[in-house]
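For reference, the chains in residue letters:
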Amino acid sequence: MAVLPAAESRTSPIASTTATADLRLAGQRWVALVDINNCYVSCERLFDASLYGRPVVVLSNNDGCVISRSAEAKALGIPMGVPLFQIREQIRRHGIRVRSSNYVLYGELSRRVMALLAEFVGEGEQEVYSIDECFLDLTGHQPRYDLSALGQQIRQRLQQWLGLPACVGIGHTRTQAKLANYLAKKQAHWQGVCDLTALSTGERQALQQQIPVGEVWGIGRQLSRSLNTLGIASVQQLVETPIPVLQRRFGVVMARTVYELQGIPCLSLETHQQPRQQLICSRSFGQLITQLADLQEALNWYVMRAAERLRKQGSCCTLITVMLRTNRHRTQDAQYYPSLTLGTGHPTDDVRVLNRLAQQALSQIFKPGYNYKKAGIVLTGIVAREGATSDLFSAPHPLHSERFMGAVEAITARYGRQAIGLGGSALQDRPWHMASRQRSTNPLMGWVVG
DNA sequence: TCTGGGGTCCTAGGACCC
DNA sequence: TCTGGGGTCCTAGGACCC
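Residues numbered from 1 in each chain as written. Chains lettered and ligands numbered in written order. Predicted model: local features only at pLDDT ≥ 70, side-chain atom pairs only at ≥ 80, totals over all residues. Heavy atoms only, no water.

### Points about the protein's contact with DNA strand C
Rules: Whether a residue is near a molecule or strand depends on its heavy atoms: if one lies within 4 Å, it is near. We define a polar contact as two N or O atoms separated by no more than 3.5 Å, with the added condition that, inside protein, one atom must be a possible hydrogen donor and the other a possible acceptor, whereas residues neighbouring each other in sequence contribute only through side-chain atom pairs. The numbering of helices and of strands both runs from the N terminus, where a helix is a DSSP run of H or I of at least 4 residues and a strand a run of E of at least 2.
In the vicinity of DNA strand C, 23 residues are found, and the nearest of them are Gln278, Ser282, Ser284, Arg309 and Lys373. Sugar and phosphate atoms form 74% of the subset of DNA strand C atoms that lie within 4 Å of the protein. Contact distances for DNA strand C include 3.3 Å between a phosphate oxygen and a side-chain N or O atom of Asn61. Looking at the surface near DNA strand C element by element, the count peaks at 6 residues for strand β9 (residues 279-289).

As structure tokens, this is what we get:
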């Protein structure tokens, strides 16, 4: 949430040094970011010890591209997001182990991680940021404990109890904590925990000098390029640039980022999970789709999935968007990227209503003669369902619950131990998901090379 | 010839994140 | 041959209103 409203920040007095000092005195916080290393690969290793010490990659849906790499795979130069077919030769040459993704497993492990981390802080001091990342407010610990030692304790417990490696970054803001986490991962001498707040100004500046500006949280490829053309290449150079200049050129988001880097919080900890403002369900197809009937069936399934999530968070929606995509990589094909949004008339979570609208939208945008690669729906205009009792705010998943092992057992009982690598291929009974490539003999195993 | 000023809401698109 | 899925926020511009 923005502490700096756009209008006020244009003339914000906190750019001056004295005001900065006041603001820090007013309520400085200590924030940690805990991040599981190579999360999906680390999860796979828990269930297949032969993956330790070897290069491993985990693949996206349809086994399309690489979405997680072990340290060994990174060292071999396997880039993030690379399509599988482009690294076949490297896989063969280096004996890289390959797994399909299994989000049910990762989700359950994530719940365990978050529950364990919750034990280190009080109520309302934990923000689960993503499946493998969590912010902790350590302000209460700060006067009493060495935060680096606490970070080490967190790492050790994750390793001992769950077998998952993690790094911890500590700063006065979330952006600083992210940067610290980057250092903890990149520079071995931190031993997995970097506390930026414990450094002198000179030490911090020297570190920031070494870090490319694109590593900052919120500065992606585009902004990075633009900053570079202005001669701003390192984090330190960014921090030294006057904020009003940056704000005029790049907007309020950039201004917030730089305040955050300076230790002035502009983003607060979101310790209570908010209902989603939009729900997306979309898939790329394993093979190109030309028939309306196949798209109809796919949409039917997306609507069911999305409506399920909608109900789970106690919401209704008022708008539904249907979108189709051809394969942009096939330059020989005619391209078509239509989408259409229809209103529901009244807030609803009724699958039948949503499906009727989705099919109606589809019939309006579908054109024969194209090779469709992807389809999806987006539910927006989300409002709370009247009288809804959302389970969003229910108690965190108990650490020692049986749900986790139950899920793993259910998978292995049904498909065998090897099925831990299921993922996209589990959808093979649906023609619009069927992978066109020849797979290994066990369709649930994904690719196993070497 | 010359055509107010300010506000809200909505949407599309772009940037970012994991 | 083969290229993921699910989110967030911000901005600009148009419609509409008083």
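### A short note on the protein's contact with DNA strand B
Note the threshold: All amino acids are sorted into three groups, where Ala, Val, Leu, Ile, Met, Phe, Trp, Tyr, Cys and Pro are nonpolar, Asp, Glu, Lys and Arg are charged, and the leftover types, Gly among them, are polar.
Around DNA strand B, the structure places 14 residues, and the nearest of them are Ser130, Asp132, Glu133, Lys178 and Leu223. Sugar and phosphate atoms form 100% of the subset of DNA strand B atoms that lie within 4 Å of the protein. Here Gly218 contributes a backbone N or O atom positioned 3.1 Å from a phosphate oxygen of DNA strand B. In the model, a phosphate oxygen of DNA strand B is placed 3.0 Å from a nitrogen or oxygen of the Gln222 main chain. At the level of secondary structure, the elements contributing two or more residues to the surface near DNA strand B comprise β5 (126-130) and α10 (221-229). Of the residues forming the surface near DNA strand B, the biggest block, 3 residues, is contributed by α10. Of the residues assigned to the surface near DNA strand B, the class counts are 6 nonpolar, 4 polar and 4 charged.

### Considerations on the side chain of His141
So the rule is basically this: For this analysis, residues touch if any pair of their heavy atoms sits within 4.5 Å.
Residue position: His141 is located in the loop between β6 (133-137) and α7 (147-162). For His141, the side chain forms a polar contact with the main-chain oxygen of Phe120, separated by 2.7 Å. Contact partners of His141, with chain neighbours within four places excluded, come to Phe120, Leu147 and Leu150.

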